[in-house]
Amino acid sequence: MNSRTKRLAVGAATVLSAAVFTVASASSAQAAAGGSWTTNDVKIRKGPSTGTAIVDRGYIGDGADVKCWLSGEGVYGNTKWYYVRNVSSSAGVYGYTSAYYFRVAGGASVPKC
């Protein structure tokens with residue numbers, strides 16, 4: 001390999017490394033938003049409906065990771081459900097909680113699932 005070819009190979013590797021770092025940084029920048037429940041004993045469910053299994057519960061003062069939201073069964077007219085994990089619970093599982101009983105911290109933007 002001549003010196004020009006080596007320089008091109010090193011330059012290409014540098015550009016590729018920068019691209020991988022940029023993609024990894026963008027992924028971590030989209031980490032979960034925070035949030036909390038507005039009342040006690042709110043069910044966290046397997047799906048966005050009151051008819052699905054309860055996987056955990058949320059309480060006032062509990063923290064939550066919020067991954068995304070989607071539309072589901074209406075709860076007092078609110079059809080938005082957040083995909084969350086109660087960080088204060090030992091269950092450590094994600095599930096759906098109605099936006100009627102939940103607030104995203106600081107009005108953060110949460111992507112649609």
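Notes on the structure in this doc start here. (Residues numbered from 1 in each chain as written. Predicted model: local features only at pLDDT ≥ 70, side-chain atom pairs only at ≥ 80, totals over all residues. Heavy atoms only, no water.)

### Examining the overall build of the protein chain
Of regular secondary structure, the protein chain possesses one helix and seven strands. Along the protein chain, helices and strands appear, N-terminal first, in the series α-β-β-β-β-β-β-β. Residue burial in the protein chain is summarised as follows: out of 113 residues, 26% are buried. In the protein chain, of all internal contacts separated by at least 6 residues, the share reaching a separation of at least 24 is 51%. When the accessible surface of the protein chain is split by element, carbon and sulfur atoms take 57% of a total near 6,900 Å². (Helix = DSSP H or I, 4+ residues; strand = E, 2+ residues; numbered from the N terminus. Buried < 20%, exposed > 50% of the residue type's maximum accessible area, 1.4 Å probe, protein only. Contact = heavy atoms within 4.5 Å. Areas by Shrake-Rupley, 256 points an atom, 1.4 Å probe, with all protein chains shown as cover.)

### Brief notes about the nonpolar core
Counting residues in each nonpolar core, the largest one holds 13 residues, and the members touching the most others are Trp37, Val66, Tyr82, Val84, Phe102, Val104 and Val110. Among the secondary structure elements, those contributing two or more residues to this core are strand E1 (33-37), strand E2 (42-45), strand E4 (64-75), strand E5 (78-86) and strand E7 (102-104). Broken down by element, this core gets its largest block of residues, three residues, from E4. (Core = buried A, V, L, I, M, F, W, Y, C linked by side-chain atoms within 4.5 Å.)

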